[in-house]
Amino acid sequence: MFVEMSVCDSPNKNAKMDKKSVTPFTKVRRKTWQQEAYKSEKSLGIKNGQQNVAYCGERFIPKRFERENIDFNLKYVGRREEKDILETGITLTSSYWRQSNFISTINSAFHIQERRLLQFSNLQRSRSQMSGMVSIDADWPCLPRSRPTAFQNATHDMAGICSPIDYNMMDWATNDLVAISSGEDVMIWRNLEESTLIFSVESPTALKYSPDGKYLAIGCMDRTYPVLDLWAVTPAMEFIVSYRKYFLKSMGCIRCIEWSHDGNELLCGTNCGIIVVLTRPKMKSQQLEEHRHRISMIKFSPNMRYFASSDTKGTIFIWDASLKKRLVKLGCRSKAVIFDWHPWTGVDLAVVERCPASIFIFNIPHRQFVASYKRKDDRINIKTVTYSKITGELLVNIIRGDPMECLVCEILVLASLNRVVDLLAHQDRGTLFLMWSPDGTNIATGGLDETLSLWSFFPTHKREAVLKRQAQEAKEKCSSLSLFRGIR
């Protein structure tokens, strides 16, 4: 009895020497030999049993690898195709990022303008070059991590963390205090591990820590009146209500709270669409009445020149932060919109429509969109979007269905609208973005199994090196400016 084997296979024992070895066999040609990238003897130039081959040093190159035969062989090897950034999923590998980065590097070195699926104006390119970018196809200033692999540090059980997620009801302070509200309670953790405090608050609707972590602003209700409370944080993990302000009953409730970066202003978005601006320490108030629907989000730009606000009907207003005057009005197709400011430029706003999933990059001074990504179906929804303050990478939290009709929640990390550099996902419980740590090195995510996970996104020691380099560059620019003034 003979066993048919491949010409590439060989036994590891000798049948004549070992009776327990495999049965005798004969080497025959594979049945699929016609599918291999071999040419006929005539095309290979075989004459009188001898094959003509090309030599290069001590290596020989068969005819089937010559230039004219490459197209014939590629149909068996296959070609790598560009993938949709929001459908990358679990197929994302590091080679995908290296390939895309390699193309950009080659084009930059040889000044080649590649043909892209999305074409943008020269405006974005000039801003990228000003920010030290070397890639000519960047849609925003970005310095991706050299090894883009985030990993989980810890996972905690937390009932009700994702049902549903309200980003106005959670915050992470600079002193490692994390506050999350669900129902009638406000829960506060120190370092998410050491101790937990639970406070009973009447109908909490929004909360936000001050930039220095000394105060916790909470929007709640006192019977039928909306109230803003300022809790002073003490070293003994105690809280003192240092200030309380009553709002008009017609305002409904406080839906979102935002502090200015210097802590001198407090913006409250209400249910009726009015934004109340409170100036510390006397807490003088000013009302902005451009919105006609419930305020869903307010954010200051990093340079404090602007702040943006959105409502539940998909309208975004961009304001002058000092004059409190409306500058731009953006109307979106979807009622569910979210946005985030680029952490370096302070003039680029990432605007996202949740369904159909769309991403737009809007430049404030030029009043135009400089990049966009649009979908026409509703298979993928965007939960939220946020920038990394250290690397400039854009994190997009998506929810999609897999072939088994199961819900898949994952976070895609983008360096551009055509480049995915990392994937934060958990196969069993999913990954829903919650919030950044204040220094931008860690991420808190929630799972569908009611768990809270902490991810290490950027090493702390590398962050210190980046900040030191940025300070050195600022110092050099200041010295150069002083020298230029002295010469003049």
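Residues numbered from 1 in each chain as written. Predicted model: local features only at pLDDT ≥ 70, side-chain atom pairs only at ≥ 80, totals over all residues. Heavy atoms only, no water.

The protein is annotated in an unreviewed UniProt entry as Protein cortex from Drosophila madeirensis.

Undergrad: It is not clear to me how the overall build of the protein should be interpreted in this structure. Could you clarify?
TA: Broken down by element type, the protein carries five helices and 32 strands. Put simply, the protein has 488 residues, and 44% of those count as buried. About 27,600 Å² of surface is accessible on the protein, with carbon and sulfur atoms providing 51% of the total. (Helix = DSSP H or I, 4+ residues; strand = E, 2+ residues; numbered from the N terminus. Buried < 20%, exposed > 50% of the residue type's maximum accessible area, 1.4 Å probe, protein only. Areas by Shrake-Rupley, 256 points an atom, 1.4 Å probe, with all protein chains shown as cover.)

Undergrad: Explanation requested: the sheet that holds strand β18 (residues 295-300) in the structure shown.
TA: Through backbone hydrogen bonds, the strands of a sheet pair up, either in parallel or in antiparallel fashion. If you trace the four strands from one edge of the open sheet to the other, you get β18-β19-β20-β21, paired in antiparallel fashion. Strands at the two margins of the open sheet, each flanked by one partner only, are β18 and β21 (325-331). Taking the axes of each pair of neighbouring strands and ignoring which way they run, one obtains an average angle of 20 degrees across the sheet. Sheet topology places β18 next to strand β19 (residues 306-311); five bridges connect them, and they run antiparallel. Each residue of the ladder has a partner; that of M297, found in β19, is S310. (Pairing = 2+ DSSP bridges. Axes fitted to C-alpha atoms, helices over the stretch in contact; angles between N-to-C directions.)

Undergrad: When you look at the pattern of salt bridges in this model, what are you seeing that I'm missing?
TA: Close approach of charged atoms allows side chains of opposite charge to pair. Summed over all chains, the structure comprises 11 salt bridges. With a shortest N-O distance of 3.1 Å, K324 and E265 are connected by a salt bridge. With K324 in the loop between β20 (315-320) and β21 and E265 in strand β15 (residues 265-270), this residue pair connects regions lying 59 residues apart in the sequence. In this pair, the class of K324 matches that of E265, namely buried. (Salt bridge = Lys/Arg side-chain N within 4 Å of Asp/Glu carboxyl O.)

Undergrad: Is there a simple way to think about the side chain of R375 in this case?
TA: Looking at the secondary structure, you find R375 in the loop between β25 (368-374) and β26 (380-387). Look at R375 and you get buried, because its relative accessible area is 6%. At a separation of 3.0 Å, a polar atom in the side chain of R375 contacts the side chain of D377. (Polar contact = N/O pair within 3.5 Å; in protein donor to acceptor, adjacent residues only side chain to side chain.)

Undergrad: What is the right way to read the pairing of strand β16 (residues 275-279) from this model?
TA: In summary, the side chains of a regular strand alternate between the two faces of the sheet. Burial of β16 is extensive: four of the five residues sit out of reach of the surface. Here β15 runs beside β16; their pairing, made up of five bridges, is antiparallel. When the bridges of β16 are listed, L266 appears paired with L278. Counting the residues in the hairpin turn of β15 and β16 gives four residues, including G273, whose phi is positive at 100 degrees. Following β16, the chain reverses through four residues before pairing antiparallel with strand β17 (residues 284-288); M283 in that reversal takes a positive phi of roughly 60 degrees.

Undergrad: Could you clarify how one ought to interpret a negative patch on the surface in this entry?
TA: On the surface, D157, D428, D449 and E450 cluster together into a negatively charged patch. Along the polypeptide, E450 turns up in the loop between β31 (442-446) and β32 (451-456). (Patch = residues over 30% accessible without salt bridge, like charges linked within 9 Å, V, L, I, M, F, W, Y side chains within 5 Å. Lys, Arg positive; Asp, Glu negative; His and termini not counted. Charge placed at Lys NZ, Arg CZ, Asp CG, Glu CD.)

Undergrad: So what exactly am I meant to see when it comes to the environment of I180 here?
TA: Within the secondary structure, I180 sits in strand β7 (residues 177-182). Of the residues examined, I180 reaches a relative accessible area of 5% and is grouped as buried. Taking C-alpha positions, I180 is 5.8 Å from M169, a pair spaced 11 residues apart along the chain. Excluding residues that lie within four positions of it along the chain, I180 makes contacts with M158, I161, M169, M170, D185, V186, M187, W189, L207 and M435. (Contact = heavy atoms within 4.5 Å.)

Undergrad: How should the packing of aromatic side chains be read in this particular structure?
TA: One pair of aromatic rings is described through two measures. These are the centre distance and the angle between the planes. For the coordinates displayed, the defined rule picks out 12 aromatic pairs. Aromatic pair W140 and Y387: ring centres 6.0 Å apart, planes at 80 degrees, arrangement edge-to-face. You can see W140 sitting in the loop between α4 (122-130) and β5 (151-157) and its partner Y387 sitting in strand β26, a full 247 residues away along the chain. For the pair W140 and Y387, one class covers both residues: buried. (Phe/Tyr/Trp six-rings, centres within 6.5 Å; stacked < 30°, edge-to-face > 60°.)

Undergrad: So what exactly am I meant to see when it comes to the environment of C409 here?
TA: Relative to the helices and strands, C409 resides in strand β28 (residues 407-416). A residue is classified by how much of its surface remains accessible, and C409, at 3% relative accessible area, is buried. A sequence separation of 23 residues divides C409 from L432, and the C-alpha atoms of the two residues are 6.3 Å apart. When residues no more than four places from it in sequence are discounted, the contact partners of C409 are I398, I399, G430, T431, L432 and L448.

Undergrad: Sorry, what's going on with the nonpolar core here?
TA: The tendency in soluble globular proteins is for nonpolar side chains to be buried as a group. Counting 55 residues, the largest nonpolar core has L86, I318, I359, I382, L394, V396 and L414 as its most contacted members. Sort the elements by how many residues they give to this core and β28 lands first, with five residues. Ignoring anything within four residues of it in the chain, the contact list for I382 reads L86, I338, V352, E353, R354, A357, S358, I359, V396, N397 and I398. Grouped together as the second largest cluster of nonpolar side chains are 16 residues, I161, I165, C409 and M435 included. (Core = buried A, V, L, I, M, F, W, Y, C linked by side-chain atoms within 4.5 Å.)

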